[in-house]
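So the chains spell out like this:
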Amino acid sequence: MLTNHRCEPSSVAILGRSRAGRALFAALIQAGSPVSLIPARRTLRSSSLPRPLVSAEVLVLALPDRFLSMAAAEIARRIPGARASVLHLSGALDHTVLLPFVPTGRSVASCHPIQTLRGETDAGSLFSGVTFGIEGQPPARRRAAALVRRLGGVSATVAPGTKALYHLAASLASNATVALAGLAEDLLRQTGFSQGSARRALAPLMRRSLENALEAGPRRALTGPVARGDLATLKRHRDALSAADPALVPLLDALVHLQRRLLEKGP
Ligand SMILES: NC(=O)c1ccc[n+]([C@@H]2O[C@H](COP(=O)([O-])OP(=O)(O)OC[C@H]3O[C@@H](n4cnc5c(N)ncnc54)[C@H](OP(=O)(O)O)[C@@H]3O)[C@@H](O)[C@H]2O)c1
């Protein structure tokens, strides 16, 4: 177990040396916050719970989503009562997975950083300006928001019952964009580009398109054949993809549909 001894007593305990848990731990240390990082598997197997976990003002379960329900039930069964809060970092799950803690006197919430994390230990500015989607019971939401402020982040309330949609939005912005970058690279390689030259070619285009979308808004950033109403080029694209990778034609149709909807929405 790692503890930041610069301040005491420890008021935040992070259970799980996951990528998210380690990054949060490093960022809180750099923010000068009292925080402990507690191994999850060992703790769940052990007959006693470590003191920082029991006494934490804020306990953060930083575990992969599939372990949260089991870990919440197991720890809540053994932890003594306290007026404290328990949070998790999942984007897709809401606070209800932590409800076993409520009979212990703790309030529960989810607090998800909209950021991709790899266990950074040099996490000083990692959360600076990052939005955290928060939902759950009011006392735990307030504590989550205070934690986010300490990290230099921004709190946003996620409406009850919408976590899956919220997470889909983040996942489209991150994972789907990466998948489309991969597809564009593959298609360029079929036209004679090496992997390196394909990435070099796509990088300025992708960066500028993304910057334009984020600064001016997606509607104003949209260029290309859909924005121009160039049906002949759209047909050429569709025919080329039908020949190169026919399974992806429905994806292309959906992307064209999406661009048309964006144009119809107006500025
Ligand atoms: N990674 C990201 O980019 C990111 C971004 C935002 C939010 N999140 C959220 O953060 C949470 C953690 O995600 P992650 O990607 O950081 O996870 P991860 O790195 O895959 O987590 C690995 C850790 O899970 C624990 N673990 C493994 N097997 C276990 C078991 N059988 N029982 C209990 N714990 C076990 C271990 O902790 P110990 O070594 O301590 O035992 C292990 O180090 C998730 O809710 C995720 O949605 C992640």
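The notes below deal with the structure included here. Quantities reported herein were computed from a predicted structural model and do not represent experimental measurements.

**Describing the layout of surface pockets**
By volume, the largest pocket is sized at about 2200 Å³. Around the largest pocket, the lining comprises 42 residues; the ones closest to its centre are Leu180, Ser209, Leu222, Leu255 and Gln259. Among the secondary structure elements, those contributing two or more residues to the lining of the largest pocket are helix 6 (163-189), helix 7 (195-216), helix 8 (218-221), helix 9 (225-228), helix 10 (231-244) and helix 11 (249-264). The element contributing the most residues to the lining of the largest pocket is helix 6, with 11 residues. Classifying every residue of the lining of the largest pocket gives 32 nonpolar, seven polar and three charged. Its boundaries defined by the atoms lining it, the second largest pocket holds a volume of some 860 Å³. As for the second largest pocket, its lining consists of 24 residues, of which His112, Gln115, Thr116, Leu117 and His167 are closest to the centre. At the level of elements, helix 1 (19-30), strand 6 (107-113) and helix 6 are the ones that each hand at least two residues to the lining of the second largest pocket. Among the elements that take part in the lining of the second largest pocket, helix 6 stands out by supplying six residues, more than any other.

**Digging into empty space enclosed by the protein**
It is the rolling of a water-molecule-sized probe over the atoms that shows where space remains empty. For the structure on display, the rule yields one cavity of 30 Å³ or more. Reported here for the largest cavity is a volume of approximately 30 Å³. A per-class count over the lining of the largest cavity returns seven nonpolar, no polar and no charged.

**With respect to the packing of helix 10 against helix 11**
The N-to-C vectors of helix 10 and helix 11 enclose an angle of 155°; their axes lie 9 Å apart at closest approach. Compared by their axis directions, helix 10 and helix 11 come out roughly antiparallel. Remark: the crossing between helix 10 and helix 11 carries right-handed chirality. Seen from helix 10, the contacting residues are Leu231, Leu234, His237, Arg238, Leu241 and Ser242; seen from helix 11, they are Val249, Leu252, Asp253, Val256 and Arg260. Looking at side-chain class alone, the contact of helix 10 with helix 11 contains six nonpolar, two polar and three charged residues.

**Things to note about the site of the ligand**
Residues in close proximity to the ligand total 22 residues, the closest being Ala20, Ala40, Arg41, Asp65 and Leu117. For the ligand, an oxygen atom lies 2.8 Å from a polar atom in the side chain of Arg41. Leu117 places a polar main-chain atom, nitrogen or oxygen, 2.8 Å from an oxygen atom of the ligand. Here the ligand has 900 Å² of accessible area as a free molecule, and 79% of this is covered by the chains. When atom positions are compared with the pocket grids, the ligand is found to occupy the second largest pocket.

**A closer look at the pattern of salt bridges**
One pass over the full model with this rule turns up six salt bridges. For Arg143, the salt bridge is made with Glu57, and the minimal N-O distance between the two is 3.6 Å. Remark: Glu57 occurs in the loop between helix 3 (51-55) and strand 4 (58-61) and Arg143 occurs in helix 5 (residues 138-150); sequence separation between them is 86 residues. Via salt bridges that share partners, Glu74, Arg77 and Arg78 belong to a single interconnected network.

**So, the nonpolar core**
Residues Ile14, Val60, Leu87 and Phe127 are the most contacted members of the largest nonpolar core, which totals 28 residues. Val60 has contacts with Val12, Ala13, Ile14, Leu15, Leu24, Leu87, Leu89 and Leu147, leaving out every residue within four places of it along the chain. In terms of nonpolar packing, the next biggest core, distinct from the first, is built from 22 residues, Ala40, Leu53, Leu59 and Leu68 among them.

What counts and how
Residues numbered from 1 in each chain as written. Predicted model: local features only at pLDDT ≥ 70, side-chain atom pairs only at ≥ 80, totals over all residues. Heavy atoms only, no water. 1 Å grid on protein atoms, 1.4 Å probe; cavity = no way out; pocket = protein on both sides within 12 Å on 5 of 7 lines; lining within 4 Å. Points joined across faces, edges and corners; volume = space filled by probe spheres on them. Helix = DSSP H or I, 4+ residues; strand = E, 2+ residues; numbered from the N terminus. Nonpolar A, V, L, I, M, F, W, Y, C, P; charged D, E, K, R; others polar. Axes fitted to C-alpha atoms, helices over the stretch in contact; angles between N-to-C directions. Parallel < 35°, antiparallel > 145°, perpendicular 65-115°, else oblique. Left-handed = near helix turned anticlockwise from the far one by under 90°. Contact = heavy atoms within 4.5 Å. Near = heavy atom within 4 Å. Polar contact = N/O pair within 3.5 Å; in protein donor to acceptor, adjacent residues only side chain to side chain. Areas by Shrake-Rupley, 256 points an atom, 1.4 Å probe, with all protein chains shown as cover. Sits in = over half its atoms within 2 Å of the grid points. Salt bridge = Lys/Arg side-chain N within 4 Å of Asp/Glu carboxyl O. Core = buried A, V, L, I, M, F, W, Y, C linked by side-chain atoms within 4.5 Å. Buried < 20%, exposed > 50% of the residue type's maximum accessible area, 1.4 Å probe, protein only.

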